[in-house]
Structure formats: structure tokens, C-alpha cells
Amino acid sequence: MQQTHSGARGHNVVVVGTQWGDEGKGKVVDWLTDHAQAVVRFQGGHNAGHTLVIKGVKTALQLIPSGIMRDGVACFIGNGVVVDPTHVLAEITRLEGIGLDVRSRLRISESCPLILPFHVAVDHAREALRETSGAGKIGTTGKGIGPAYEDKVARRALRVQDLKHPERFARKLRELLDLHNVALGGYLRAKPLDYQPIYDAAMALAEQLRPMMADVGYELYKINRAGGNILFEGAQGSLLDIDHGTYPYVTSSNCVAGNAAAGSGVGPDQLHYVLGITKAYTTRVGSGPFPSELPMDEPGSVGHHLSTVGQERGTVTGRPRRCGWLDAAALKRATVINGVSGLCITKLDVLDGLPEIQVCVGYELDGRRVDILPLDADEILACRPVYDSFPGWSESTFGATRWDDLPLNARRYLERVQQFIGAPIDMVSTGPDREHTILLRHPYQA
Ligand code: IMP
């Protein structure tokens, strides 16, 4: 239990991805929710995709916090998240369809910027233009995330609170749509959108959203004051962070742990422990540099193994993910920018049966040795990975629940990673189900 200057008594944990997303955060968040009274999303939007497996049943979540799968846990969407009103209601309805009570447990910050249809149109048109102009696509999820964040920063966004005021909403919508239509009909070479259907659709949803609108920062403050624990659920991954990632091949929000505070309205002294989720190898969807990437096409190759055994396809877009060895030098960057307290290694079982395991421990760049991922995407592209090699293991690690049950070579591999990164491995996830977890140090008791 923590007592801080603000008088809060809860213990709060931040969960972030340390790679390019898809590290398996959803499962870990769900597991930790056992110890939390509230789960909060603080950045991103429905570009995220979290697949949870509970007693063998799969559920995919995009915007709604993974805490929704545990009865009685309060779920919050913080101000740092961009919200597509059509999507959020569709996701709520889908979860209600499997018997979950969502509306009484979900609260959405009034300050969240809205994603509206013209953001999606701009996102698609920009990607198409980048491709035809030879600039190369970013490979976005096409959900309008970037354009919605642009409007927020330009101080012209429509926000969730505007849905409560139809006249204000109408005026702001007209101005914003005019602006985007000029771009769409002009240099983006796409079809401008009509005002009325956008207005009507938003207003039709407004009444449903209204009871869920809240002052999220203050709600969280009260939960902490009452001794409740909060879990902050990061989306995407640190290397997709708008400032610290492989710019411009990034998403448009800060994915790092520090944004858990600004993106939900709590003070930074309320972030007590940062759990970095790390897949035992590396994947990436979309474009951008990836030094330890492996070719995946040839059956029998390591890349093919990781892709097929790991079932590496995007939850949101269905695109195949690019695969490669664990990049510990990139992980070092993530550890630095997040202030990682401990790591959780996921999908270790995907490495079972490989005769040799490699870990990228640095790069050769212009004749020098570099031990941390550079900041410039062009420099990263020029990096040649330097690998440490380990003997693999033939035993199955799937579903292991104790460290001592792991094969000796698997433990050696993990110990080397931990030593290189300088952060302890506190958890290992050995399968998709809640039970498939090795706990070394509990983030809520650290
Ligand atoms: P956007 O977030 O849709 O703008 O996409 C920007 C980049 O982030 C693209 O490379 C996407 O593939 C990537 N991205 C966005 N969300 C996720 C995610 O949840 N997992 C993995 N990659 C993501």
C-alpha cells in the first residue's frame, strides 16, 4: 500500500508493450485485474487489438479495457484515447451479446477526442497517396487514429463532451468537415463527405453514450483515496510511440508509461510499478525498420516457424505480422523510456523445438558498435544486427506454472536477456489462458 503526497492509498501498475505492439498485453492485464479495482486505457484507440482466452473461450477487445472480463472491475477510457462513437457502441453491444454487463462498469472521459468518418477517409487517402507518390505507406490500421490526434493537437477536435450539446456539435462539425473536405477533394484526391449523415449518426449515438461520460481523472483519484488499486493498460508498443519510436513509422500517441498519467488525469506519483510486456521474439505489423527481421516464406525456416507456430496475424487488420529474433538492444531502449520495473516475457512456448535461439544484443552501424536502438529510422535501417546464440530446448514450455519447470536452456536464455536489459523478469506467460503464467514477483506486491 502506497501513501503519496496526494494522499492516495492504492497501489497502481502500468502495463506497456516494449516492442512494436502485439506483445500479449491483454492476457497479462486480465491476469493482473485480479488485484485491481479499476482498469484504464490512456492512449490509442480501436487500432489496438487484445485477444483474451478465458477457460478456452476467445474474446477480442479493441477499445474497451481488458478489465471488462472480470466481474465488478470498473473500466475507464481516459482523455488520452481517441474514441470512435460508432465503434465503441458496437464493441459494447458485442460484449453484451456474450453476457457481460458493460454500460454500468464503463466510464469514458468527456475530454476524449472523437474519431469521425472524415478521419477514416483522410487516413485511407493519405496512405494511398503515400503509396502512389513513392513515399511508402506507414501501414496504418486505417481507423482514423492519426488524423483524429492531429485535430486534437490543432485544438479543433470534437470531443465526447460535445455530444451533450447538439448546437455546439453542429457548429464545430461544419467547420471541421469543411476543412477536411478541402483536403480530401484537393491534394488527397478522394471524395468529400456529406455533413448530414455524420451529424445524424453522431446524435443517434449521443444519448447512449451520455450515461457513460465521466470526469475520469477525478473518479480515479477517489478510487485511489479509498485504497483501490488501478491498472493502466497500454496499447500498441513503445517502439510505436510518436516521440520515442521509429518515426515516422509509428502511431500517433505516446505509448510509453509516462503517458498513463497525462492520458488519464492522474499525477505521476501515482504510477508505482511499470510492467514491460515482451514477446520472446519480435513482431511488427506495418512498415518501418526492424533490424532482427527474418524471411518468413520458406517452410522450415525460423521466420516461418515464428509466424505459423505463433499465429502471427494482426487482431485488428488480419495482416500477417513480420517476425524476427528478440531484439534486446531495442528492448533496452524501451526499458529506458518507460522506466520498466519488471518484465513479463510472453509466448516463450513458440520457441520450443528450435535447435538454436538468437538474441540481437546490438548493431553495427557505420563501422561502430551500438548497444541500444538508435533514434533515427534511417540509421536503424542501416543497422546490422549482432547476435548472441543459445542452444534451444526440445521440451514443451506450454502452460508451465513454475520457473523450475522450464528447461534449463530456456532459463539460461531468459537470464541472459534479463542481464542484458538490466531489469528483472517478474513474470513469464507460457500460454494464452489465465492459468498459463509463471509468477516470480507480483507487480502489486513489488
Ligand atoms: P495507426 O495507429 O493506425 O495510425 O498505425 C500506425 C502504425 O502503428 C502502423 O504500423 C500500425 O500497424 C501500427 N499499430 C497500430 N496499432 C497497433 C497495435 O495495436 N499493434 C501493432 N501495431 C499497431
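Analysis parameters
- Residues numbered from 1 in each chain as written.
- Predicted model: local features only at pLDDT ≥ 70, side-chain atom pairs only at ≥ 80, totals over all residues.
- Heavy atoms only, no water.
- Buried < 20%, exposed > 50% of the residue type's maximum accessible area, 1.4 Å probe, protein only.
- Helix = DSSP H or I, 4+ residues; strand = E, 2+ residues; numbered from the N terminus.
- Pairing = 2+ DSSP bridges.
- Near = heavy atom within 4 Å.
- Polar contact = N/O pair within 3.5 Å; in protein donor to acceptor, adjacent residues only side chain to side chain.
- Areas by Shrake-Rupley, 256 points an atom, 1.4 Å probe, with all protein chains shown as cover.
- 1 Å grid on protein atoms, 1.4 Å probe; cavity = no way out; pocket = protein on both sides within 12 Å on 5 of 7 lines; lining within 4 Å.
- Sits in = over half its atoms within 2 Å of the grid points.
- Points joined across faces, edges and corners; volume = space filled by probe spheres on them.
- Nonpolar A, V, L, I, M, F, W, Y, C, P; charged D, E, K, R; others polar.
- Domains from an automatic or database assignment.
- Disulfide = S-S within 2.5 Å.
- Axes fitted to C-alpha atoms, helices over the stretch in contact; angles between N-to-C directions.
- Parallel < 35°, antiparallel > 145°, perpendicular 65-115°, else oblique.
- Left-handed = near helix turned anticlockwise from the far one by under 90°.
- Contact = heavy atoms within 4.5 Å.
- Lys, Arg positive; Asp, Glu negative; His and termini not counted.
- Salt bridge = Lys/Arg side-chain N within 4 Å of Asp/Glu carboxyl O.
- Patch = residues over 30% accessible without salt bridge, like charges linked within 9 Å, V, L, I, M, F, W, Y side chains within 5 Å.
- Charge placed at Lys NZ, Arg CZ, Asp CG, Glu CD.
- Buried area = accessible area lost by both parts, 1.4 Å probe.

Engineer: Pulling in residues and values, what's your account of the pairing of strand β17 (residues 425–429)?
Structural biologist: Within β17, five of the five residues are buried, which leaves it mostly tucked inside the rest of the structure. Here strand β13 (residues 342–346) runs beside β17; their pairing, made up of three bridges, is parallel. Across the sheet, Leu343 pairs through a bridge with Ile425, a residue of β17.

Engineer: With reference to specific residues and values, describe the site of the ligand.
Structural biologist: Around the ligand, a shell composed of 16 residues is seen, among which Asp22, Asn47, Thr141, Thr251 and Arg319 lie nearest. The side chain of Asp22 places a nitrogen or oxygen atom 3.2 Å from a nitrogen atom of the ligand. Note that an oxygen atom of the ligand is positioned 2.6 Å from one of the side-chain N or O atoms of Thr141. Taken by itself the ligand offers 470 Å² of open surface, and the protein chains cover 97% of this. The site holding the ligand turns out to be the largest pocket.

Engineer: Residue-level account of the layout of surface pockets, with values.
Structural biologist: By volume, the largest pocket amounts to about 1,000 Å³. Every residue lining the largest pocket is counted, 50 residues in all, and those nearest its centre are Ile138, Thr140, Val250, Thr251 and Ser252. The set of elements that each furnish at least two residues to the lining of the largest pocket consists of α3 (117–133), α4 (145–153) and α8 (259–262). By residue number, the principal contributor to the lining of the largest pocket is α4, which donates seven residues. Looking at the lining of the largest pocket, its residues break down into 16 nonpolar, 24 polar and ten charged. Of the domains in this structure, domain 1 (7–81 + 215–446) and domain 2 (117–209) are the two that each give at least three residues to the lining of the largest pocket. If you add up the space inside the second largest pocket, you get close to 760 Å³. Contributing to the lining of the second largest pocket are 30 residues, with Thr51, Gly310, Gln311, Lys347 and Pro432 lying nearest its centre. Sorting the residues of the lining of the second largest pocket by element identifies α1 (25–32) and β3 (50–54) as the ones contributing at least two each. In terms of residues, the lining of the second largest pocket owes the most to one element, β3, which gives four residues. A class-by-class count of the residues in the lining of the second largest pocket yields six nonpolar, 13 polar and eleven charged.

Engineer: Report on the state of the cysteines, specifying residues and quantitative values.
Structural biologist: The term disulfide refers to a covalent linkage connecting the sulfur atoms of a pair of cysteines. Per the stated rule, a full pass over the model turns up zero disulfides. Not part of a disulfide, Cys323 finds its nearest cysteine sulfur in Cys360, a span of 16 Å. Classification of Cys323 as buried rests on a relative accessible area of 0%. With no disulfide of its own, Cys344 has Cys255 as its nearest cysteine by sulfur position, at a separation of 18 Å.

Engineer: So, the packing of helix α10 (residues 328–338) against helix α12 (residues 408–421): which residues are in play, and what are the values?
Structural biologist: Look at α10 against α12: their axes get within 9 Å of each other, and the N-to-C directions meet at 50°. Considering the angle they form, α10 stands oblique to α12. The hand of the α10/α12 crossing is right-handed. In contact with Ala328, Ala329, Leu331, Lys332 and Thr335 of α10, α12 contributes Val417, Phe420 and Ile421. Its residues placed into classes, the contact of α10 with α12 shows six nonpolar, one polar and one charged.

Engineer: Requested: an account of the side chain of Arg105, with residues and values cited.
Structural biologist: In this structure, Arg105 sits in the loop between α2 (85–97) and β6 (106–109). Buried charge without a partner: Arg105 forms no salt bridge, and the closest opposite charge is Asp71, 4.5 Å away.

Engineer: For a negative patch on the surface, give the residues involved together with the corresponding values.
Structural biologist: On the surface, Asp366, Asp376, Asp378 and Glu379 cluster together into a negatively charged patch. Along the polypeptide, Asp366 turns up in the loop between β14 (356–365) and β15 (368–370). Asp366 sits in the exposed class, given a relative accessible area of 68%.

Engineer: If you had to explain the side chain of Glu23 to someone new, which residues and values would you point to?
Structural biologist: With respect to the helices and strands, the residue Glu23 is situated in the loop between β1 (12–17) and α1. Owing to a relative accessible area of 0%, Glu23 belongs among the buried residues under this scheme. A polar contact of 3.4 Å, which involves the side chain of Glu23, links it to the backbone nitrogen of Thr18. Here Lys25 takes part through its side chain, which lies 2.8 Å from a polar atom of the side chain of Glu23. Not counting the four nearest positions on each side in its chain, Glu23 is found in contact with Gly17, Thr18, Gln236, Gly237, Ile277, Thr278, Lys279 and Thr346.

Engineer: So, the domain arrangement of the chain: which residues are in play, and what are the values?
Structural biologist: One can read the domain layout of the chain as domain 1 (7–81 + 215–446) and domain 2 (117–209). Taken over C-alpha atoms, the centre of domain 1 sits 30 Å from the centre of domain 2. Listed per partner, the contact involves 20 residues of domain 1 and eleven residues of domain 2. A combined buried area of about 1,100 Å² lies between domain 1 and domain 2, and 55% of that area is made up of carbon and sulfur atoms.

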